[in-house]
Amino acid sequence: MAHPFSLTRRTVFRAAAVAAGVAAVPTLLPDVPAKAARTVRVPGTRAKAVAGAAARAVEADFPIGYVGVTWSGPQRGAGIRLLGQDGNRGAWTALRPTCVAGADADGPASSGRVSVLVPADGSAGYELRFPDGATDTRSTAIDTVNGPAVERAVTTTTGQFLGIDYITRAGWGADESLRFKADGSENSPQTYYPAQTLTVHHTAGANGDADPAATIRAYYHLHAIENDWGDIGYHFLIDEAGRVYEGRYSGTDGMPAHDADGKMVTAFHAAGFNSGNVGIALLGTFTDQPPTPETRQSLTRLLAALSKYHGFDPQAAVTFVNPVNGVTKDVQTISGHRDWLVTDCPGATLYDGLPALRADVAAARPENRARSL
């Protein structure tokens, strides 16, 4: 006799798939007994956090893959210089803010808290400089590749949602313990609301990333621990090869970013406007260059599937109403991060391409594809 919970999950997902007009049979919800858990080995994340750290070198006893930097105050004027394993100092480079963080999922729209993740390529250390007026400065050396391997029991590392193949949290190596405080309580328990809008981001990181999963683990640590959000801030991420990754934890029903009733889990990507707002981040920086064709295609397909599932018109203007605090915002159904907050995200090139993206998403919806045949 099938477990009643399993039957309910399959029934709910089939109903969602029919409503979306696409075939969707995720790995976690087949019409066969669930897969047995298997053990995978992923590198454990190592991190060294330092308060302040301007005007002095910070070193770690492991090769630094990334440096997470946070501060409050002006966004521009911060810089970093990496220290090589041979003792040489690199050139100063400007820090591109990833986002402006709120105190919590629906906190102030502009708290002035800046968060940046910098690829460090195995450096021995780094030096920082902050803008005049910056306060509460903090940096963290992160290694998500060379740490001791951790064994984790998983049922699957890939799945399918509304016809979209994706890499699960287990697939990119999420350490679920980061979601919990020292006392065992969850830092940011999941809350769910009907989706209203779709927001596009870039991570403002390196282009040509050779190990996107390692980078996502670094963002996860930065967001969950250093930003104190309790999880990664986005619902989905897409790399330059077009691979889609599950972001924010949303339960065990096999529907990424949603609960079994199709409501969206609140994440942490647009402070003050998170509940009901789906966040999709493209790995890389798109200030002067566009996303790769593979990324653009995956973004279009994901936005089309989500807009169909939630009954959105991809080319409409809407009034977003935060279900938690009643704050409103007039935006496009598919917006860029800068439409919500003062930020460069998602980069000028990507942002300028949003009108064409909306048109392509509308054309990619299943009913429009059928009419074009």
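Quick note: structure is the one above.
Residues numbered from 1 in each chain as written. Predicted model: local features only at pLDDT ≥ 70, side-chain atom pairs only at ≥ 80, totals over all residues. Heavy atoms only, no water.

1. A closer look at the packing of aromatic side chains
- A full pass over the atoms with the stated rule returns seven aromatic pairs.
- For the ring pair Trp71 and Phe130, a centre distance of 5.7 Å and an interplane angle of 65 degrees mean the geometry is edge-to-face. Note that Trp71 is positioned in strand E3 (residues 58-72) and Phe130 in the loop between strand E7 (113-129) and strand E8 (135-143), a separation of 59 residues in sequence.
- Residue classification places Trp71 among the buried residues on the basis of a relative accessible area of 0%. (Phe/Tyr/Trp six-rings, centres within 6.5 Å; stacked < 30°, edge-to-face > 60°. Helix = DSSP H or I, 4+ residues; strand = E, 2+ residues; numbered from the N terminus. Buried < 20%, exposed > 50% of the residue type's maximum accessible area, 1.4 Å probe, protein only.)

2. Quick word on the side chain of Thr300
- By the secondary structure assignment, Thr300 is in helix H4 (residues 293-310).
- Classification of Thr300 by relative accessible area gives buried; the value is 8%.
- Not counting residues within four places of it along the chain, the set of residues in contact with Thr300 comprises Leu357, Asp360, Val361 and Ala364. (Contact = heavy atoms within 4.5 Å.)

3. Describing helix H3 (residues 212-226)
- Relative to the 21 Å expected for 15 residues at 1.5 Å per residue, H3 spans 20 Å between its end C-alpha atoms, a close match to the ideal helical length.
- Counted residue by residue, H3 has 14 buried out of 15 residues, so it is predominantly covered.
- Among the residues trailing H3, Asp228 stands out with phi positive, at a value near 65 degrees. (Expected span 1.5 Å × (residues − 1).)

4. Description of the pairing of strand E17 (residues 277-282)
- With respect to burial, E17 is a largely interior element, six of its six residues being buried.
- Because side chains alternate across E17, one face comprises the buried residues Asn277, Gly279 and Ala281, and the other comprises Val278, Ile280 and Leu282, equally buried.
- Pairing of strand E13 (residues 197-202) with E17, which is carried by six bridges, proceeds in the parallel orientation. Bridging across to E17, Thr199 finds its partner in Gly279.
- Examined bridge by bridge, strand E14 (residues 236-238) and E17 share three bridges and lie parallel to one another. (Pairing = 2+ DSSP bridges.)

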